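# A closer look at the structure
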Amino acid sequence: VCPITNTYVMYYPPWKRWLKMCVSIPLTVGFTIVTLLGILILYGNRDVMLAQYFATGHSYHISVSMDVIGQTAPILAVELNKEHLRDPDFWIIIIGFPTALGL
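Everything numeric here is computed off the predicted structure, so don't read it as measured data. Within every chain, residues take consecutive numbers counted from 1 along the sequence as written. Totals for whole chains, interfaces and linings use every residue, but because this is a predicted model, local features are given only for residues with pLDDT of at least 70 and side-chain atom pairs only at 80 or more, for both listing and counting. Calculated side-chain values reflect all of the structure's heavy atoms, with hydrogen atoms and water omitted.

## Points about helix α1 (residues 14-56)
The end-to-end C-alpha distance of α1 is 62 Å, a good match for the 63 Å that 43 residues give at a rise of 1.5 Å each. The set of residues buried in α1 consists of Ile41, Gly44, Asn45, Arg46, Val48, Met49, Leu50, Ala51 and Tyr53. Residues of α1 that are buried in the fold lie against α2 (82-86) and α3 (88-102). A run of DSSP states H or I qualifies as a helix once it reaches four residues; a run of E qualifies as a strand once it reaches two. Both are numbered from the N-terminal end. Each residue after the first adds 1.5 Å to the expected span of a helix. The classification of residues rests on relative accessible area computed with a 1.4 Å probe and restricted to protein chains. Under 20% of the type maximum is buried, over 50% is exposed, and intermediate values are partly exposed. Any two residues having at least one pair of non-hydrogen atoms within 4.5 Å are treated as being in contact.

See the structure below:
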């Protein structure tokens, strides 16, 4: 009981505080790493899909593995014409993936 306010104050022994920290800190680090890898995989897929779209016109091959993170797919000699701007696949690749990260 607090002598000033005359109310009950929760008291946790030091071992209980350490136990809570030993559980919450690894969980926080783990979720942070999983989120970072997910973002890197999503953007890696976007870059590869954009290169495939301009090269062949096919764009929906999503890889969930971590091989996409370091993969480079250069986009060479791209002509951004009205056909590309009218294609919904182009806009899904350009706007859809960053929007998914915002959700």
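## What about the environment of aspartate 89?
Structurally, aspartate 89 is set in helix α3. Of the residues examined, aspartate 89 reaches a relative accessible area of 24% and is grouped as partly exposed.

## Things to note about α3
Across its 15 residues, α3 extends 20 Å between first and last C-alpha, which sits within 8% of the 21 Å expected from 1.5 Å per residue. Within α3, burial applies to Phe90, Ile93 and Phe97. Contacts from the buried residues of α3 go to α1 and α2.

## Regarding the nonpolar core
Core analysis: the biggest nonpolar cluster contains six residues, these being Met49, Leu50, Tyr53, Phe90, Ile93 and Phe97. Elements with a minimum of two residues in this core: α1 and α3. When sequence neighbours within four positions are dropped, the list of residues in contact with phenylalanine 97 reads Leu42, Arg46, Met49, Ile62 and Ile92. Take the buried Ala, Val, Leu, Ile, Met, Phe, Trp, Tyr and Cys residues and link them wherever side-chain atoms come within 4.5 Å; each set so joined is a nonpolar core.

## Looking at the packing of aromatic side chains
For any pair of aromatic rings, the description consists of the separation of the ring centres together with the inter-plane angle of the planes. Aromatic contacts are taken between Phe, Tyr and Trp rings whose centres are within 6.5 Å, Trp giving its six-membered ring; a plane angle under 30 degrees counts as stacked, one over 60 as edge-to-face, and the others as tilted. A full pass over the atoms with the stated rule returns one aromatic pair. Judged by centre distance (5.2 Å) and plane angle (75°), the rings of phenylalanine 90 and tryptophan 91 are edge-to-face. Charge-over-ring contacts are defined here by two conditions on Lys NZ or Arg CZ: a distance within 6 Å of the ring centre and an angle within 35 degrees of the ring normal. Stacked on the ring of tyrosine 12, the Lys or Arg lysine 20 has its end atom at 3.9 Å from the ring centre.

## Here's the deal with the confidence of the model for the chain
Per-residue confidence for the chain gives a mean pLDDT of 81, with 89% of residues at or over 70. The least confident element of the chain, judged by mean pLDDT, is α3 at 79; the most confident is α1 at 87. You can read pLDDT as the predictor saying how much it trusts each residue, on a scale of 0 to 100.

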